Amino acid sequence: MPPGGWGSSARKSGPGRSAPGPRTSTSCGNDKGGMIGLRFFQLPNGATLSYAEYGTAEGRPVLLFHGLVGSICSEGMEEQLQGLPLRVIALARPGYGASDYFDMDCIADWGRLLDGFFEHLNIQRCDIVGISAGAPYAYSLAALYPDRIDTLYIHSGMPAVCLPNVLVQYPS
């Protein structure tokens with residue numbers, strides 16, 4: 001852990017961060033080809049979560065969790081999603097993009113923190129896509145909200161490295 005611990009619910013200035021202030025919908029990239037906009041949501045712990053919406057507001061909702069080096073503003077995403085009957089909501093995980101970094105005791109905390117996010121976006125049911133390091137975040141939501149999640153898609157997802165059969169694959 002770095003000196004002073006990992007993050008807090010307070011916003012930080014620095015690369016990829018803005019100073020504290022009012023949160024408004026802004027652009028994340030070139031804002032063409034179906035991007036609805038960059039938005040913000042305050043979590044129950046006081047931290048700010050940023051997210052971008054792509055596709056059409058009337059489309060089937062899909063929550064997207066990016067990988068380790070991914071972003072909610074990935075180049076080409078607008079063009080790839082243009083014309084699909086989807087409302088893709090890409091969430092910036094803690095410490096990525098404009099989302100605050102904050103501590104969690106376990107990955108299940110993520111799902112509990114997002115409980116109000118469904119209501120905020122008026123989502124009754126949705127699909128989830130977890131890419132690489134985003135997979136545990138997707139697993140958390142699917143496990144906690146089976147009545148809201150129709151299908152969970154994992155692409156190159158991280159395995160549960162605590163399991164003995166996975167640990168043996170890693171050299172000492």
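The paragraphs below set out a description of the structure included in this document. What you see is a predicted model; the values in this text were computed from it and never measured.

## Remarks on the nonpolar core
Membership of the largest hydrophobic core comes to 25 residues, with the highest contact counts inside it found for Leu63, Phe65, Leu91, Leu114 and Phe117. Every element with two or more residues in this core is listed here: β2 (48-55), β3 (60-65), β4 (86-91), α2 (108-113), α3 (115-120), β5 (126-131) and α4 (135-144). For this core, the element with the most residues is α4, which contributes 4 residues. Excluding anything up to four places from it in sequence, Phe65 contacts Leu91, Trp110, Leu114, Ile128, Val129, Gly130, Ile131, Gly134, Tyr137, Ala138 and Leu141. Listed in part, the 14 residues of the second largest apolar core include Leu64, Ile72, Ala90 and Ala92.

## Here's the deal with the packing of aromatic side chains
With the rule as written, the count across this model stands at 5 aromatic pairs. With a centroid separation of 5.1 Å and an interplanar angle of 85°, the aromatic rings of Tyr51 and Phe117 are classed as edge-to-face. In this pair, Tyr51 sits in strand β2 while Phe117 sits in helix α3, placing the two residues 66 residues apart along the sequence. Relative accessible area serves as the criterion here: at 2%, Phe117 is assigned to the buried category. Judged by centre distance (6.1 Å) and plane angle (75°), the ring pair of Phe65 and Trp110 falls under edge-to-face. Taken as a pair, Phe65 in strand β3 and Trp110 in helix α2 lie far apart in primary sequence, 45 residues in all.

Calculation rules
- Counting from 1, residues in each chain are numbered in the order their sequence is written.
- With the structure being a predicted model, the display of local features is reserved for residues of pLDDT at least 70 and the display and counting of side-chain atom pairs for 80 or more, all residues being used for whole-chain, interface and lining totals.
- Excluding hydrogens and water, the side-chain values take into account all heavy atoms of the structure.
- Buried Ala, Val, Leu, Ile, Met, Phe, Trp, Tyr and Cys residues form a nonpolar core when they are joined through side-chain atoms within 4.5 Å.
- Residue burial is assigned from relative accessible area. The probe radius is 1.4 Å, only protein chains are included, and a residue is buried under 20% of its type maximum, exposed over 50%, and partly exposed in between.
- Numbering of helices and strands runs from the N terminus, with a helix taken as a DSSP run of H or I at least four residues long and a strand as a DSSP run of E at least two residues long.
- We call two residues in contact when some of their heavy atoms are within 4.5 Å.
- Here the aromatic set is Phe, Tyr and Trp, taking the six-membered ring for Trp, and pairing holds for ring centres within 6.5 Å; pairs whose planes are under 30 degrees apart are stacked, those over 60 apart are edge-to-face, and all others are tilted.

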